[in-house]
Each structure stands twice: as C-alpha cells, then as structure tokens.
Amino acid sequence: MRGIHKSGAAGTFCLLLSGCQVTVGPTSDTPGFLEVEWQGATSDTIDALIEGVVIAQVRNTDGRPMNGRFIRFTALPLGEEQRPGVFLAPEGLTPNQPTVQILSDPSGISVASVRLGTVPGQAGVWVTVFELEEADTVFVEVLPGAAHQLQLQPRDTSIALGGSFQVRYALGDFYANPVEGSVALTGSGAISLTGDTVTATDVGTGAVLAVSDALRDSVDIQVTAASRRR
C-alpha cells in the first residue's frame with residue numbers, strides 16, 4: 001500500500017548512524033513510502049539559520065530505501081504578501097531558495113537546511129517525491145526579531161487651538177513586523193499630552209517625542225488659531 005508514514009527514532013534516524021545494515025531497492029522501483037521529520041530547534045527569529053533540518057526518506061513498495069531519487073522540499077507561504085515562510089538548501093549549503101530538490105543517499109535519505117523567512121508565524125515545509133501521490137509537511141515557528149524601528153502617527157500635522165487627537169506608535173523589527181516593547185511619549189511646546197491624547201493649548205508649534213530604548217521618533221504639530229464664527 002502506497003502512502004505516508006511518519007517515522008520514529010528507530011526508523012529514519014537509525015539509517016543515519018554508521019553500522020546500520022541497509023538493503024537498497026532498485027532505482028527503477030516505484031516509491032511507496034515517504035517518511036519526513038523535523039530534527040532540532042522548533043522556533044527562532046526572522047532570518048535566523050535555525051539549528052534544525054528537515055529529514056526525509058523515500059522507500060519502495062517493499063519498504064527498501066531508494067537511492068538517487070529526488071525529494072522535493074517546498075516552503076509554504078506566510079502572511080498577506082504570501083512570502084516564503086522559510087528558505088531551503090541541501091545540508092551544508094546556505095538556504096536561499098523557497099524550493100529545492102535533493103537526491104536521496106544510499107539510505108534513501110535527503111536532508112534540507114532551513115533559514116527562517118521574514119514573516120512571523122507557523123512556517124511549513126511541504127515534502128514530496130515524484131510518483132508518490134501523498135506528501136507530508138513539517139512546521140517550525142518563526143518569531144519576530146528585535147525592535148529595529150519606531151514610528152509615530154500621524155506624521156507632522158496641524159490642529160486648531162483647543163482641538164485634540166490621539167497619537168499612535170508602531171514598534172517593529174527590521175521588516176516592520178510588530179514587536180512588544182515599552183514606548184515613552186512626551187509632549188512639548190504648544191500642546192499638552194495626556195496618555196496618548198494630544199491637546200492644542202497655544203498657538204504655535206508643539207512636538208511629540210517617542211522613545212523605546214535606543215529608538216526614537218518625533219512629530220511636529222502646528223497649532224493654529226481657532227476659526228471665528230460669524
């Protein structure tokens with residue numbers, strides 16, 4: 001029966017050890033089983049070369065490993081922009097492609113190295129082999145990076161005397177993914193600041209400054225005289 005089987009430690013990993021006896025099936029055989037596992041760390045931050053690999057083994061319908069068969073590893077997309085969740089390469093090379101095909105060794109095994117992508121979330125690697133209808137997927141968690149940018153909204157603006165509005169801030173990593181962190185807001189000049197509410201108190205120029213560790217941003221606010229009603 002053809003199908004997917006997720007191996008245990010005594011399956012795929014025994015074949016990685018020296019001294020295990022392996023009977024290899026003919027390369028002309030039809031694949032019957034594809035065993036896929038993730039080995040190593042299960043999460044890291046964006047862009048990280050994670051300390052983990054995807055291990056896949058192809059076997060024929062008799063259960064014997066198949067040497068010299070291409071196993072295909074494909075990164076599933078993440079986020080609204082559908083960017084690759086990870087980048088891949090044969091073990092020992094720099095992962096920089098969303099899809100790779102790796103020849104199986106005499107144990108029927110292909111190993112893919114993984115670099116995490118730029119979008120946080122649960123990133124999947126879809127694994128297939130030609131002539132086998134089924135596939136399997138392994139997952140790793142992509143975490144946001146360290147805070148890299150801070151931006152206030154709205155940008156430089158004007159407001160009538162006595163008016164008010166709420167100021168917003170966004171703290172993000174290198175790719176503007178939201179990250180948690182404390183942000184201190186201070187107001188000066190012709191405005192007052194209560195929490196995140198700006199109030200125009202005098203005609204002139206005011207400013208709001210946002211600070212989070214070494215990151216900072218500011219906006220200028222022009223306060224104009226209130227219009228007179230006739």
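The notes below deal with the structure included here. The residue numbering used here restarts from 1 in each chain and proceeds along that chain's sequence as written. Only residues with pLDDT of at least 70 get local features here, since the model is predicted, and only at 80 or more are side-chain atom pairs given and counted; chain-wide, interface and lining totals rely on the full set of residues. Computation of side-chain values covers all heavy atoms of the structure but excludes hydrogens and water.

## Some points on the packing of aromatic side chains
- Classification of ring pairs uses Phe, Tyr and Trp, with its six-membered ring standing for Trp, and accepts pairs whose centres are within 6.5 Å; under 30 degrees between planes counts as stacked, over 60 as edge-to-face, and the remaining range as tilted. One pass over the structure, following the stated rule, counts one aromatic pair.
- Taking 5.1 Å as the distance between ring centres and 80° as the angle between the ring planes, the aromatic pair formed by phenylalanine 174 and tyrosine 175 counts as edge-to-face.
- Its relative accessible area of 53% is what places phenylalanine 174 among the exposed residues.
- Remark: exposure states derive from per-residue accessible area (1.4 Å probe, protein chains only) relative to the maximum for the residue type, with buried under 20%, exposed over 50%, and partly exposed in between. For tyrosine 175, a relative accessible area of 30% gives the class partly exposed.

## Let's talk about the sheet that holds strand S15 (residues 164-166)
- The pairing criterion is simple: DSSP has to find at least two bridges between the two strands. Under the scheme used here, helices are H or I runs from DSSP no shorter than 4 residues and strands are E runs no shorter than 2 residues, and both carry numbers assigned from the N terminus. Read from one edge to the other, the open sheet built from three strands follows the order S15-S19-S18, with strand pairing classed as antiparallel. Sheet topology places S15 and strand S18 (191-194) at the edges, where each strand pairs with a single neighbour. On average, each strand axis in the sheet is tilted by 20° relative to the strand beside it, whichever way the strands run.
- Bridging between S18 and strand S19 (residues 197-200) involves four bridges; their strand directions are antiparallel. In the sheet register, isoleucine 191 faces S19, and the bridge partner there is alanine 200. Between N-to-C directions, angles span 0 to 180 degrees; the directions come from axes that are lines fitted to C-alpha atoms, helices contributing only their stretch in contact.

## Re the pattern of salt bridges
- What makes a salt bridge here is a side-chain nitrogen of Lys or Arg within 4 Å of a carboxyl oxygen of Asp or Glu, nothing more. As enumerated under the stated definition, the model contains six salt bridges in all.
- Between arginine 69 and glutamate 131 there is a salt bridge whose closest N-O contact spans 2.9 Å. Of this pair, arginine 69 sits in the loop between strand S4 (49-60) and strand S5 (70-75) while glutamate 131 sits in the loop between strand S11 (121-129) and strand S12 (136-143), placing them 62 residues apart in sequence.
- Note on arginine 69: relative accessible area 12%, which makes it buried.
- Classification of glutamate 131 as partly exposed rests on a relative accessible area of 38%.

## Description of unusual backbone geometry
- In this structure, the amide linkage connecting glutamine 153 to the following residue, proline 154, adopts the cis form with an omega of -5°.
- Within the secondary structure, proline 154 is located in the loop between strand S13 (149-153) and strand S14 (157-160).
- Here glutamine 82, not a glycine, exhibits a phi torsion of approximately 55°, which is positive.
- If you trace the backbone, glutamine 82 turns up in the loop between strand S6 (77-78) and strand S7 (83-84).
- The backbone of alanine 176 sits at a positive phi, close to 70°, despite the residue not being glycine.
- Note that alanine 176 resides in the loop between strand S16 (168-172) and strand S17 (184-189).
- Residue alanine 176 is classed as partly exposed on the basis of its relative accessible area of 48%.

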